[in-house]
Every structure is written in C-alpha cells, then in structure tokens.
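# Fold and geometry: a report
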Amino acid sequence: MKNKVPVSTIMTQNVIKLHLNDDLTRAEKLFKHNKIRHIPVVDNNKIVGMLSYTDLLRISFVDAVDDESDTVDAMVYNMFTVEQVMAKKLVTISPDTTIKETAEILSKKEFHALPVCLGEVLVGIVTTTDLIKYLIDQYK
C-alpha cells in the first residue's frame, strides 16, 4: 500500500455546504436528497462548523429509520439554528495530508468526516466511507 498518497486524491471536491443563515429544514433536505451524513458549514467559504445527520436526529422527533420521508417537524427545526446545532471545534486537514494520517485522525476521534481546507477556506471533505473505498481499491 502506498504511504504518501495525499487525501486530495480521495476527497470530495464539490462539497455540499450549508451557510450560517441556512435553516435546519434545508439541512435535512440536503442530507436526504444527497444521501450524505455530513455537511460543512461555511461563512464566506471559510469553514466555521460541521453538521452531521446525527446532530439533527438528536434534536428532532424524526424517525431515524425513515430516510425516505419528506416530512419534517418544522416546529422542532425552527427552535434551533444551524450554528446552535453544528460542531464548532473542528479538526481540519490540508489537501496534502496523507491518507494514512487522515485515517489515523479519524480512528482516534468520535467523528466520521474531516473538512479539507487551505487555511480556513474549505476545498473538500473526506469521510470514513472514502477511506474504506480507498482500502477496497487497494485489494483489486
């Protein structure tokens, strides 16, 4: 297996993002429509937080197994802002961080996605799923 492969080779570059002024109803629609579990939150393209689908489930009464439902308990979502629910203390990596270093970070933390940034500017996202797919490709 290659040791020095940069994470930029496996990261998602066209990142679906939220902005601080977006509401949680929009966030849920993005999660469900795109079948994703993590959305970086930006303010003028600068990373300010990360929202996970689990974060939404913690505050909502939406049934976790009903991913096909388009109904949202808007009243619950209107009680909170994206900024209140998102994770703010982020670990970020740069595009030249190796895949091995990325895997080490994710294996030691409680989260499953890392924003990839140049300085504070978001340029990508890498998830544990990206790492698993990379690992599977190594065995082809």
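Scroll up to find the structure this text is about.
Residues numbered from 1 in each chain as written. Predicted model: local features only at pLDDT ≥ 70, side-chain atom pairs only at ≥ 80, totals over all residues. Heavy atoms only, no water.

Looking now at the overall build of the protein chain. The secondary structure content of the protein chain amounts to six helices and five strands. Overall, the protein chain shows an N-to-C arrangement of helices and strands of β-α-β-β-α-α-α-α-β-β-α. Here the protein chain holds 140 residues, and the buried ones make up 40% of them. For the protein chain, the proportion of contacts with a sequence separation of at least 24, taken over those separated by at least 6, is 58%. Summed over its atoms, the accessible surface of the protein chain is roughly 8700 Å², and 52% of this surface lies on carbon and sulfur atoms. (Helix = DSSP H or I, 4+ residues; strand = E, 2+ residues; numbered from the N terminus. Buried < 20%, exposed > 50% of the residue type's maximum accessible area, 1.4 Å probe, protein only. Contact = heavy atoms within 4.5 Å. Areas by Shrake-Rupley, 256 points an atom, 1.4 Å probe, with all protein chains shown as cover.)

Right, let's get into the nonpolar core. Residues Leu-18, Leu-24, Ala-27, Phe-31, Val-41, Leu-51 and Leu-56 are the most contacted members of the largest nonpolar core, which totals 15 residues. The biggest single contributor to this core is helix H1 (residues 24–34), with four residues. Counting residues in hydrophobic clusters, the runner-up holds twelve residues, among them Ile-10, Ile-99, Leu-114 and Tyr-134. (Core = buried A, V, L, I, M, F, W, Y, C linked by side-chain atoms within 4.5 Å.)

This paragraph deals with the environment of Thr-9. In this structure, Thr-9 sits in the segment before strand E1 (18–19). Expressed as a C-alpha distance, the spacing of Thr-9 and Tyr-134, which sit 125 residues apart in the sequence, is 9.6 Å.

Let's shift gears to the pattern of salt bridges. A side chain with one charge can pair with a side chain of the opposite charge if their charged atoms come near. This structure, assessed with the given rule, holds six salt bridges. For Asp-55, the salt bridge identified is with Arg-58, shortest N-O distance 3.1 Å. Highlighted residues: Asp-55 and Arg-58, both in helix H2 (residues 53–59), separated by three residues, approximately one helical turn. (Salt bridge = Lys/Arg side-chain N within 4 Å of Asp/Glu carboxyl O.)

This part takes up the environment of Ile-93. Mapped onto the secondary structure, Ile-93 falls in the loop between helix H4 (82–85) and helix H5 (99–108). Accessibility expressed as a relative area gives 5% for Ile-93, which makes it buried.

Bringing the pairing of strand E4 (residues 113–118) into the picture now. Burial within E4 is extensive, with five of its six residues counted as buried. Both E4 and strand E5 (residues 121–127) contribute to a ladder of six bridges, which runs antiparallel. Within the sheet, the bridge partner assigned to Leu-114 lies in E5 and is Val-126. Here E4 folds back onto E5, and the loop between the two strands holds two residues, one of which, Gly-119, carries a positive phi near 70°. (Pairing = 2+ DSSP bridges.)

Among the residues of helix H6 (residues 128–138), those classed as buried are Asp-130, Leu-131 and Tyr-134. In an axial view of H6, the angular spread of the buried residues amounts to 100°, which keeps them on one side of the axis. Of the exposed residues in H6, those oriented more than 90 degrees away from the buried face are Ile-132 and Lys-133. Buried residues along H6 sit against H5 and E5. (Arc of directions from axis to C-beta.)

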